[in-house]
Protein chains: 2
Amino acid sequence: MEKRGGEAVEGVTVSNKQVILREYVSGFPREDDMEVVLRKEIKLEVPRGSSAVLVKNLYLSCDPYMRLLMSPTLPNSIFSSYAPCSPITGYGVAKVVDSGNPEFKVGDLVWGTTGWEEYSLVTDPQGLFKIEHTDVPLSYYTGILGTPGMTAYFGFYEVCSPKKGECVFVSAASGAVGQLVGQFAKLEGCYVVGSAGSKEKVDLLRSKFGFDDAFNYKEERNLDAALKRYFPQGIDIYFENVGGKMLDAVLLNMRTRGRIAVCGMVSQYNLDPPEGVTNLMNIVYGRVRIEGFAVFDYFDQYSKFLDFVVPHIREGKIVYIEDIAEGLENGPSALVGLFSGRNVGKQVVVVARE
Amino acid sequence: MEKRGGEAVEGVTVSNKQVILREYVSGFPREDDMEVVLRKEIKLEVPRGSSAVLVKNLYLSCDPYMRLLMSPTLPNSIFSSYAPCSPITGYGVAKVVDSGNPEFKVGDLVWGTTGWEEYSLVTDPQGLFKIEHTDVPLSYYTGILGTPGMTAYFGFYEVCSPKKGECVFVSAASGAVGQLVGQFAKLEGCYVVGSAGSKEKVDLLRSKFGFDDAFNYKEERNLDAALKRYFPQGIDIYFENVGGKMLDAVLLNMRTRGRIAVCGMVSQYNLDPPEGVTNLMNIVYGRVRIEGFAVFDYFDQYSKFLDFVVPHIREGKIVYIEDIAEGLENGPSALVGLFSGRNVGKQVVVVARE
């Protein structure tokens, strides 16, 4: 094992800290469902003749969908479950240490699917995007410039087709995706209200992200009444991040030809069975469209997205809040914290800063 | 009171049998929630200076949505509740006896919103369509050539956007709408399976309407397993007429980019609260669209619909089955029968045949 001045050097063998899933999870995930281990060494080079890429991981993204992969079976096969005793995977930012692929060269910064470990051999580098803009924080590529950003952008613009003056409701509004949907909605001249789970988050929505209003859903006994208070005329667009009771209340408040873009249902991932939604008949009364979408369907439009969002970041017209956990050791706790809403803003884990 | 040879004569005063709602209904409607009364006489002429139309009702349509109007409150205001002690209303076929409206003249045959009574004064004749084609059974204008026909046509073609070879599932498939959706799907080269609630209906689906297959949902313990049997590759299009448990099972079987057109949820109208739907997260996995629609949004395209469907009827390429109840006295029983699935095909009430 050898390192030179902290710099990963191609060809040497180093230790490789990993976060592994101990076994499949039922109910809410706990920190000790995962374990930080130092079992294996890794040689910092790609196997001869392979088109893989070997990367040093810098920032890892904590995303709610990762809970789904901790179950042994998934209802559809767009993802595969994690393998117990193996490192979990997710989106991250990394630096190329060795490359068997002409698209990537040593020293390139990339983001995409990687492992929760110090170094990863990415055997399918098609899942990696090269990072071109480095005048923004690199961690942004786990958030505003990565899948949460694209999720917010394509979910809002493509699935919801917003029009100026429409009334937009966003749940989990201070999260990785929600904070952006709200800001996009304001850019389009919409009225936008968000819900979140603490006073601090609600304050952020109003003061930092420019939502017209916000409320703490944990303090509302009757979500239907809360929505009627903020949307006396009803909701045109609901950006759905949580599911369950909130969706049921929203259905009672949708306006004619309203649209619900379903990004995820984080409140339901730890429940078996999930909460039943009873007000679906309202989509007939209101001719409402509910549409599920998946961000990777839009990956081929990544540059279009960047062209839109990067100037807004540079000009300070869009802001982004991250919740940074330092070190792979703190990864499991950060990931689990998503499900109690402990994070404020996008939850990132820093593995290394270069 | 005077009648000449059974012919309604403009200007005379006649008795007017009516079906009234006794009081608001909770749970399943019963025949005695309604009453057939002969309380009032009606003068067969429109008030001087009004633009109303006075019609003699011939055929009345029994539709599941009518149950919703028997509740005191409706979640959205696209309809108004019935008024207790007044005749219920619905779609029907009628003959104009007197008219203050230049669009309609005495003797015209019309269909549209009318009362459950022998004669109705239609104060807003904009809800009436003039009947042009009389070489088909007049009762068809309560079904295949009326709102159920348009519901099937626009719901299937506009909301579902079918493609040749796609797999289509229709619930309540032998009903007023379902039997047509299945036939339209076959015209488009789709594979189509229907569910219904009796052996007789299932046989009809296979033999008369040309569905590729059909099953009796009442004999299936596990709807998910039943759907997997008929759709091993999954469902591209679900034409939703029933809601509840069936929808929940369908959600487990939707293919990527599947579409669910929600016409109604007849299994839920008598339940308070309705059954909870728990599998909505599947619309994210499959990027599925669920869309409610209302037929009256398509009323301005009625002639386009007729141009499509009338030739198919004349050529015998589309068939239609009706369940005829004779006489207004049998109206309440016919209407209530919808909710136990007693009707086979479109339920019609004949008030008079000319």
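What counts and how
- In this convention, every chain numbers its residues from 1, walking through the sequence in written order.
- Chain letters and ligand numbers both follow the written order, the letters beginning at A and the numbers at 1.
- Only residues with pLDDT of at least 70 are given local features in this predicted model, and only at 80 or more are side-chain atom pairs given and counted; all residues enter the totals for whole chains, interfaces and linings.
- In this analysis, strands are considered paired if DSSP registers two or more bridges between them.
- Secondary structure is summarised from DSSP: a helix means a run of H or I of at least four residues, a strand means a run of E of at least two, and numbering begins at the N terminus for each.
- Each axis is a line fitted through C-alpha atoms, taken for helices only over the stretch in contact, and angles between the N-to-C directions span 0 to 180 degrees.
- By convention in this section, buried Ala, Val, Leu, Ile, Met, Phe, Trp, Tyr and Cys residues joined through C-beta atoms within 7 Å make up a nonpolar core.
- Backbone-placed C-beta atoms define the burial measure: a residue is buried with 20 or more other C-beta atoms within 10 Å of its own, exposed with 12 or fewer, and partly exposed in between.
- By the criterion used throughout, residues are in contact when their C-beta atoms, derived from the backbone, lie within 7 Å.
- For the domain bounds, the source is a domain assignment made automatically or taken from a database.
- Each residue is assigned to one of three groups, with Ala, Val, Leu, Ile, Met, Phe, Trp, Tyr, Cys and Pro labelled nonpolar, Asp, Glu, Lys and Arg labelled charged, and all others, Gly among them, labelled polar.
- When the copies are superposed, the least-squares fit takes in the C-alpha atoms of residues with a pLDDT of at least 70 in both.
- As used here, the arc is the angular range of directions from the helix axis to the C-beta atoms.
- How sure the predictor is of each residue is captured by pLDDT, a score from 0 to 100.

Colleague: What exactly am I supposed to notice about the sheet that holds strand β9 (residues 191-196) of chain A here?
Modeller: Strand pairing in a sheet relies on backbone hydrogen bonds. The paired strands run either parallel or antiparallel. Spatially, twelve strands are ordered β10(A)-β9(A)-β8(A)-β11(A)-β12(A)-β13(A)-β13(B)-β12(B)-β11(B)-β8(B)-β9(B)-β10(B) in an open sheet, and the strand pairing comes out mixed. Each having just a single partner strand, β10 (213-216) of chain A together with β10 (213-216) of chain B make up the two edges of the open sheet. On average, each strand axis in the sheet is tilted by 15° relative to the strand beside it, whichever way the strands run. As judged from the four bridges shared by strand β8 (residues 167-170) of chain A and β9 of chain A, these two strands associate in the parallel manner. Bridging from a neighbouring strand, C167 of chain A pairs with Y191 of chain A of β9 of chain A.

Colleague: How should the nonpolar core be read in this particular structure?
Modeller: Within soluble globular proteins, side chains that are nonpolar tend to cluster in buried spots. One finds F239 and V349 of chain A together with F239 and V349 of chain B to be the most contacted residues of the largest nonpolar core, which totals 230 residues. Aside from chain neighbours lying at most four places away, what touches V349 of chain B is Y59, L60, C62, A325, L328, N330, G331 and A334 of chain B.

Colleague: Sorry if this is basic, but what is going on with the interface of chain A and chain B here?
Modeller: When the parts of a complex come together, some accessible area is lost, and that lost area is often taken as the interface size. Of the residues lining the interface, 31 residues belong to chain A; the matching set on chain B comes to 31 residues. Breaking the side of chain A that touches chain B down by element, the ones donating at least two residues are α7 (282-285) and β13 (289-292) of chain A. Sheet topology places β13 of chain A next to strand β13 (residues 289-292) of chain B; three bridges connect them, and they run antiparallel. Across the sheet, residue R289 of chain A finds its bridge partner in β13 of chain B, namely E291 of chain B.

Colleague: Could you clarify how one ought to interpret the domain arrangement of chain A in this entry?
Modeller: All names here are of chain A. Domain assignment breaks chain A into domain 1 (13-143 + 321-350) and domain 2 (147-296). Between the C-alpha centres of domain 1 and domain 2 there is a distance of 28 Å. Residue-level contacts link 16 residues of domain 1 with 18 residues of domain 2. Looking at which element gives the most residues to the side of domain 1 that touches domain 2, the answer is helix α1 (residues 65-68), with three residues. When grouped by side-chain class, the residues that make up the side of domain 1 that touches domain 2 number nine nonpolar, five polar and two charged.

Colleague: I keep staring at the relation of the copies chain A and chain B and nothing clicks. Help me out?
Modeller: Put simply, the two copies of the chain differ by a rotation about an axis and a shift along that axis. Overlaying chain A on chain B yields an RMSD of 0.0 Å, the required transformation being a rotation through 180° with an accompanying axial translation of 0.0 Å. When the rotation and shift are considered jointly, the pair of chain copies conforms to a two-fold rotation axis. Relative to the rotation axis, the C-alpha of G276 of chain A is the closest in chain A, positioned 1.9 Å from it. The fraction of interface residues of chain A whose copies in chain B are also interface residues reaches 100%, indicating that both copies meet through the same surface.

Colleague: Quick question: what am I supposed to make of helix α4 (residues 199-207) of chain A here?
Modeller: Side chains of residues three or four places apart in an α-helix project in the same direction, reflecting 3.6 residues per turn. All names here are of chain A. Those residues of α4 lying buried are K201, V202, L204 and L205. End-on view of α4: buried residues confined to an arc of 155°, all on one side of the axis. Away from its buried face, by an angle of more than 90 degrees, α4 presents the exposed residues K199, E200 and S207. Considering only its buried residues, α4 is in contact with α3 (178-187), β9 and β10.

Colleague: Looking at this structure, I do not really get the confidence of the model for chain A. What am I missing?
Modeller: Detail in the predicted coordinates should be disregarded across regions flagged by low pLDDT. When the pLDDT values of chain A are averaged, the result is 95; 97% of them are 70 or greater. With pLDDT under 50 throughout, residues 1-5 of chain A is counted as low confidence; its partners more than four residues away or in other chains account for eleven contacts.

Colleague: I would appreciate a short explanation of unusual backbone geometry in the present structure.
Modeller: Phi is mostly negative for residues that are not glycine, and the peptide bonds are mostly trans. Residues and elements named next belong to chain A. With an omega of 0°, the peptide bond between D272 and P273 qualifies as cis. Checked against the element boundaries, P273 lands in the loop between β12 (254-262) and α7. Despite not being glycine, S161 has its phi angle at roughly 40°, a positive value. Residue position: S161 is located in the loop between α2 (147-159) and β8. Its 12 C-beta neighbours within 10 Å are what place S161 among the exposed residues.

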